[in-house]
Amino acid sequence: MITRQRLAAGVCALLAALTAGIAFPTGAVADETAEQAAPKVELVLDVSGSMRARDIDGGSRMSAAKQAFNEVLDATPEEVQLGIRTLGANYRGNDRKTGCKDTAQLYPVGTLDRTEAKTAVATLTPTGWTPIGPALLKAADDLDGGNGTRRIVLISDGEDTCQPLDPCEVAREIAAKGIGLTIDTLGLVPDAKTRDQLSCIADATGGTYTSIQHKEELTDRVGQLVERAADPVVTPVAVEGATACTSAPTLKSGLYTDREEFGQHRYYRVDVKPGQELRASVSVAADREVNPDYGVLLRAVTVHGREIVRGEAAGNGRTDVVSTGLRYPKAESDDENAPAETVCLQVSNSFSAASGVKTTPGMPVELTVDVVDGPDQASDVASFGLGRGWWLLGALVLTGFLAGVLWGWVSRLRIAVWRTN
């Protein structure tokens, strides 16, 4: 019995020590989010004739969109600069050339006057064509400038009627500019062709596609996307990799975007000082139809081409993004003036385009580079995420063990005294 009591007390104290060590970790990293410009959002609404259809909760698609806009305008965060652009809202004729220019800014992107914006929305009547491609180009211009979040939210109920200006190609061109603009798309009661086109537009810029069947879904989703723009984000920096290490751009810690053609190699240079560690990761997105079985390779090599370390990943057609990463710790040097080592990061892929698919522009590449102080000895590498706080956990465990032993002795003494009396 004495042994059981002592063991139980020791276990309890050990658990308490473990809980304390986990609950109060040391060395928290400060949030150093850089100050950015106000986030900008432009709602792009399809006001073509098909928006008269009455198939959303017994009402027209247009009335559902107006209700959603009114509720979203009321809930828009103060820091978000919001604008509204229409397509197919003004031209009622049958001239295709004129109809495909029918896009206008209903409310300019800027500080929101809710009453004025609602009044503008109330005037909309389903009218004409569906020039999605031209509207996206104009919306990108509306959001030009600044380093804050920029987001287009496109609401449409049908395919673009202004081919051959393919809106999916327009979205790829916008993404290729490296301006960090995201396009989210919402399809109102869409058919298969509309769904495919809107999905392609969203995928090209890293956005999302949502199929809408009810008013509440439309209101909730548009509201979520507008609020998401207010979240602090790191804006990627556009960079152009080289075909050889000798001519590659030198990168510092940060997030970068580039374009890589099928089967191409791209090089980037990073300087790593003695005692520092290079951490790098890359993601390549298949923003168009590709053949199954593909892979991505990230290599760290010397300027002479000798491989230091590599990371690789493969896909089989079930995912449209493949990512991998690597770490390279450079050893400390006894020479305080030892120069930094130039490490070349090589990004390559084994994607191949499906038949009839355009190969330009290249596929989106997102590269993360982080050069940090290298870890100390094994204490930092294998401390189960506790870093230098490991010694505190060890002290707490030892304290718990000694407390358990002491409790056992005290209990044993009390029982001995009880038996004597």
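> What's the story with the sheet that holds strand 12 (residues 307-315) in this structure? I'm lost.
Strand pairing in a sheet relies on backbone hydrogen bonds. The paired strands run either parallel or antiparallel. The four strands lie next to each other as 9-14-11-12, forming an open sheet whose pairing is antiparallel. Among the strands making up the open sheet, the edge pair consists of strand 9 (265-272) and strand 12. Pairs of neighbouring strands in the sheet enclose a mean axial angle of 15°, with direction left out of account. Two elements, strand 11 (residues 294-301) and strand 12, share eight bridges in a ladder whose sense is antiparallel.

> Is there a simple way to think about the packing of helix 2 (residues 61-75) against helix 4 (residues 114-122) in this case?
Angle between the axes and distance between the axes are the two parameters that describe a pair of packed helices. The N-to-C vectors of helix 2 and helix 4 enclose an angle of 175°; their axes lie 10 Å apart at closest approach. Judged by the inter-axis angle, helix 2 sits roughly antiparallel to helix 4. Contacts between helix 2 and helix 4 involve Lys-66, Phe-69, Asn-70, Leu-73 and Asp-74 from the former and Arg-114, Ala-117, Lys-118, Val-121 and Ala-122 from the latter. Looking at the contact of helix 2 with helix 4, its residues break down into five nonpolar, one polar and four charged.

> Can you walk me through a negative patch on the surface in this structure?
Together, Asp-57, Glu-71, Glu-216, Glu-217 and Asp-220 give the surface a local cluster of negative charge. In terms of residue count, the dominant contributor to the negative patch is helix 8 (residues 215-229) (three residues). Within the secondary structure, Glu-216 sits in helix 8.

> I keep staring at helix 8 and nothing clicks. Help me out?
Given 3.6 residues per turn, any residue in an α-helix points the same way as the ones three and four places further on. With 15 residues, helix 8 extends 22 Å between its outermost C-alpha atoms, agreeing within 8% with the 21 Å of an ideal straight helix rising 1.5 Å per residue. Every buried residue of helix 8 is listed here: Leu-218, Thr-219, Arg-221, Val-222, Gly-223, Leu-225, Val-226 and Ala-229. Turning to helix 8, the residues buried within the fold contact strand 1 (40-46), helix 2, strand 2 (81-87), strand 4 (150-156), strand 5 (181-188) and strand 6 (209-212).

> Mind showing me how you'd approach empty space enclosed by the protein here?
A water-sized probe, rolled over the atoms, reveals where empty space remains. By the definition in use, this model includes two cavities of 30 Å³ or more. The space that makes up the second largest cavity amounts to roughly 30 Å³. Thr-76, Pro-77, Glu-78, Val-80, Thr-111, Leu-112 and Arg-114 together form the lining of the second largest cavity. Classifying every residue of the lining of the second largest cavity gives three nonpolar, two polar and two charged.

> Sorry, what's going on with the packing of aromatic side chains here?
The description of two aromatic rings rests on the distance between their centres and on the angle between their planes. Within the structure shown, the criterion is met by one aromatic pair. Judged by centre distance (4.5 Å) and plane angle (20°), the ring pair of Tyr-294 and Phe-351 falls under stacked. Taken together, the residues Tyr-294 in strand 11 and Phe-351 in the loop between strand 14 (341-349) and strand 15 (363-373) connect sequence positions 57 residues apart. The residues Tyr-294 and Phe-351 share a single accessibility class, namely buried.

Analysis parameters
- Residues numbered from 1 in each chain as written.
- Predicted model: local features only at pLDDT ≥ 70, side-chain atom pairs only at ≥ 80, totals over all residues.
- Heavy atoms only, no water.
- Pairing = 2+ DSSP bridges.
- Helix = DSSP H or I, 4+ residues; strand = E, 2+ residues; numbered from the N terminus.
- Axes fitted to C-alpha atoms, helices over the stretch in contact; angles between N-to-C directions.
- Parallel < 35°, antiparallel > 145°, perpendicular 65-115°, else oblique.
- Contact = heavy atoms within 4.5 Å.
- Nonpolar A, V, L, I, M, F, W, Y, C, P; charged D, E, K, R; others polar.
- Patch = residues over 30% accessible without salt bridge, like charges linked within 9 Å, V, L, I, M, F, W, Y side chains within 5 Å.
- Areas by Shrake-Rupley, 256 points an atom, 1.4 Å probe, with all protein chains shown as cover.
- Salt bridge = Lys/Arg side-chain N within 4 Å of Asp/Glu carboxyl O.
- Lys, Arg positive; Asp, Glu negative; His and termini not counted.
- Charge placed at Lys NZ, Arg CZ, Asp CG, Glu CD.
- Expected span 1.5 Å × (residues − 1).
- Buried < 20%, exposed > 50% of the residue type's maximum accessible area, 1.4 Å probe, protein only.
- 1 Å grid on protein atoms, 1.4 Å probe; cavity = no way out; pocket = protein on both sides within 12 Å on 5 of 7 lines; lining within 4 Å.
- Points joined across faces, edges and corners; volume = space filled by probe spheres on them.
- Phe/Tyr/Trp six-rings, centres within 6.5 Å; stacked < 30°, edge-to-face > 60°.

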